[in-house]
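Structure at a glance
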Amino acid sequence: MDSIRVAGAQLNVVVGDIAGNAKKIAAAMDWAEGAGAEVLVLSELVLCGYPPEDLVLREGFLDANAAALRELAARAGRCCTIVGFVDRADDIDEIPDDAAQRQVANAAALLHDGQIVGIYHKVLLPNYGVFDESRYFARGGRPAQVWELGGRRLGVSVCEDAWVADGPPSQQAAAGAQILLNINASPYNYGKGPAREDLMRSQARAAGVPFVYVNQIGGQDELVFDGHSMVFDGAGTLLYRGPQFTEDRFVVSVPLGGWAPPPAPELRPLLSVHEEVYRALELAVADYVKKNGFDHVVIGLSGGIDSALTAAICSDALGPEAVWGVTMPSRYSSEGSVADARDLAERLGIRFDVLPMDEIFASFLDTLAEPFHGTEPGVAEENIQARIRGALLMALSNKFGGMVVATGNKSEMAVGYATLYGDMAGGYAVLKDVFKTLVYDLARWRNQTGVVIPLATIDKAPSAELAPDQRDSDSLPPYEVLDAILERYIEEDRSIASIVEEGFDESTVVRVARMVDRNEYKRRQSAPGVKITAKAFGKDRRLPITNHHRLG
């Protein structure tokens, strides 16, 4: 039975680093040629990085992208390489009339024997969630293109093209393609892996020909890409499953013209939910820090669960030598919290400093004594403490160059249980899309391989410690209830009435929904953070700050 040797490389590239990305691509091309591969499949827009966003509006960016592609084509040998890039489409007749202002395409080039032997333009442009490709790209008009290579007919498509039934891959198979090659930049969110795998299997089965899916890995601002590249035969049998959250190269001999059992399929197991999320957070913060030129991070350690998990993730991602933990006790800080913060730092092996801030707080109160006269202590006094801590952390960042990592979680960001210019200060918020209940789950999972987060931190009642005997439960419903409501209200866009119908207390649901709605202004000013759910704050969920509509 005829077969084709297909290589894939899921690479961690950097948006805008065209020269650096081209160097990685060239190394993969040399490797594939040496491995005897006939086709090498890379990821979507691998040459310029994904998503390039408004960079595609810059002529210099397009020029550099085109020049790098020509150089890669010149070195292409017997192995045909599928490279994602941005293509100027001015003279291509596939541009629809409504795309006159978008004359660049999300494209895949076929490089072979020193030439660009074919170019495919992405047909289906996602314009939902974190995607807004219709803002930038013209839609391709040749979904059924097929290329011949050594007597074999190849169908090439780009990401979204394969995420619908009867899309370009199906049309290419109908036009005679013997194998379908799909290049991707598919961002991670938990639960997506199995669904993605089922979808690509169904594409192979529907077409009746092998299907190759290659995805990028790495962190890019709020997004993280998990790899999980796959190869299926024409019956939908999985021949290869790549690892998650790490670079990978593979070669698979794929049977054409029918089905034959592979001699020894290599199937990397999918990670458990908690490990998957932890690895996503770890990779995202590592790439954000390193790709933006920082050599260490600064974290405020309160002795609580959020800062403890943040420190553990950063230590695992960057190495303990690159993490600086700082605790800043006030008159309301318990001895146990300071001790727990110190215990955490010692277990992780990170730098730890204590910066008492009560005298600074006292000076604020003295300065504000006259305008505050006759009022009861409250949120204003609590937030002063959080803002002093934020100022101290930013001072260390300015003096020594480390990036401050904010420690707030999605539950807090949702209801505004966070202080602008205080605990929200920072360059990146690792837990921004992680509900509080999941924070506890991740901490327990991390401790399974060695206790680094003190059990006292996990077991004690959460508290901001900004007032005497303060507990989060004084201001919020229990996190199990709160997170269940938030998931329905935020991620599912459910109405208050439909949430109440599930048995939740109506007054609690109304109170939570109101807190979410009135704190949009805070979230707009928060640090970016990695997306790990189906709907994260930021690019995923975009609501007006000035807004009088309420879900009923």
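Throughout what follows, the structure given in this document is the object of discussion. (Residues numbered from 1 in each chain as written. Predicted model: local features only at pLDDT ≥ 70, side-chain atom pairs only at ≥ 80, totals over all residues. Heavy atoms only, no water.)

Our focus in this paragraph is the environment of Leu111. Summarising the element assignment, Leu111 is placed in strand 4 (residues 104-112). Take Leu111: its relative accessible area is 0%, and that puts it in the buried class. Sequence spacing of Leu111 and Val39 is 72 residues, and the spatial spacing of their C-alpha atoms is 9.7 Å. Apart from residues lying up to four places away in sequence, Leu111 is in contact with Leu69, Leu72, Ala73, Ala76, Cys79, Cys80, Thr81, Val83 and Ile116. (Helix = DSSP H or I, 4+ residues; strand = E, 2+ residues; numbered from the N terminus. Buried < 20%, exposed > 50% of the residue type's maximum accessible area, 1.4 Å probe, protein only. Contact = heavy atoms within 4.5 Å.)

This part is about the pattern of salt bridges. Inspection of every chain in the model, using the stated rule, returns 35 salt bridges. One salt bridge in this structure joins Arg152 and Glu38, with 2.5 Å as the shortest N-O distance. Taken together, the positions of Arg152 in strand 7 (residues 152-158) and Glu38 in the loop between helix 1 (18-34) and strand 2 (39-41) put the pair 114 residues apart, joining distant regions of the chain. Each member of the pair, Arg152 as well as Glu38, carries the same accessibility label: buried. In this structure, the salt-bridge partner of Asp353 is Arg351, at a minimum N-O distance of 2.8 Å. The partly exposed category is assigned to Asp353, whose relative accessible area is 24%. Assessed through its relative accessible area of 47%, Arg351 is described here as partly exposed. (Salt bridge = Lys/Arg side-chain N within 4 Å of Asp/Glu carboxyl O.)

Once that is clear, we can look at the pairing of strand 11 (residues 223-226). Because side chains alternate across strand 11, one face comprises the buried residues Leu223 and Phe225, and the other comprises Val224 and Asp226, equally buried. Pairing analysis gives four bridges linking strand 10 (residues 217-220) to strand 11, with the strands arranged antiparallel. Bridge pairing in strand 11 links Gly219 to Val224. Hairpin connection between strand 10 and strand 11: a loop of two residues separates the two successive antiparallel strands, and Asp221 in this loop has a positive phi of roughly 55°. (Pairing = 2+ DSSP bridges.)

The next thing to look at is helix 7 (residues 335-348). End to end, helix 7 covers 20 Å across 14 residues, agreeing with the expected 20 Å (1.5 Å per residue, within 8%). All of the buried residues along helix 7 are Ser337, Val338, Asp340, Ala341, Leu344, Ala345 and Leu348. For helix 7, the arc enclosing every buried residue in end-on projection is 160°, short of the 170-degree limit, so these residues lie on one face. Opposite the buried face of helix 7, at more than 90 degrees from it, the exposed residues are Glu335 and Glu346. In the segment just after helix 7, Gly349 is the residue with positive phi, at about 80°. (Expected span 1.5 Å × (residues − 1). Arc of directions from axis to C-beta.)

For the rest of this paragraph, the subject is unusual backbone geometry. For residues besides glycine, phi is generally negative; the peptide bonds are generally trans as well. Note the cis peptide between Tyr50 and Pro51, where omega equals 0°. Secondary-structure assignment places Pro51 in the loop between strand 2 and helix 2 (59-75). With a phi angle near 60°, Asp166 is a residue other than glycine that sits in the positive phi range. Here Asp166 lies in the loop between strand 7 and helix 3 (168-174). At Asp221, a position not held by glycine, the phi torsion is positive, near 55°. Looking at the element boundaries, Asp221 is found in the loop between strand 10 and strand 11. The partly exposed category is assigned to Asp221, whose relative accessible area is 30%.

So, on to the nonpolar core. If you look at the biggest cluster of nonpolar residues, it comprises 51 residues, and the most contacted ones within it are Leu281, Val297, Val430, Ile453 and Ile532. Counting residues per element, the ones that place at least two in this core are helix 5 (273-291), strand 16 (297-300), helix 6 (305-318), helix 7, strand 19 (403-406) and helix 12 (436-447). If one sorts the elements of this core by residue count, helix 5 sits on top with ten residues. The residues touching Val297, leaving out its near neighbours within four places in the chain, are Val289, Cys314, Leu318, Ala322, Val323, Trp324, Met403 and Val405. (Core = buried A, V, L, I, M, F, W, Y, C linked by side-chain atoms within 4.5 Å.)

Quick look at the environment of Ser337 now. Tracing the backbone through its elements, the reader meets Ser337 in helix 7. Ser337 gets classed as buried once you look at its relative accessible area, which sits at 4%. Each C-alpha atom, one on Ser337 and one on Thr457, is 8.0 Å from the other, the two residues being 120 residues apart in sequence. Here the side chain of Ser337 touches Lys460 through a polar contact of 3.4 Å, side chain to side chain. (Polar contact = N/O pair within 3.5 Å; in protein donor to acceptor, adjacent residues only side chain to side chain.)

In contact at an axis separation of 9 Å, helix 5 and helix 6 are set at 65° when each is read in the N-to-C sense. Comparing the axis directions of helix 5 and helix 6 gives the class roughly perpendicular. In this structure, helix 5 meets helix 6 at a crossing whose hand is right-handed. Two secondary-structure elements touch here, helix 5 through Tyr278, Leu281, Glu282, Val285, Ala286, Val289 and Lys290 and helix 6 through Leu309, Ala312, Ile313, Cys314, Asp316, Ala317 and Leu318. Classifying every residue of the contact of helix 5 with helix 6 by side-chain character gives eleven nonpolar, no polar and three charged. (Axes fitted to C-alpha atoms, helices over the stretch in contact; angles between N-to-C directions. Parallel < 35°, antiparallel > 145°, perpendicular 65-115°, else oblique. Left-handed = near helix turned anticlockwise from the far one by under 90°. Nonpolar A, V, L, I, M, F, W, Y, C, P; charged D, E, K, R; others polar.)

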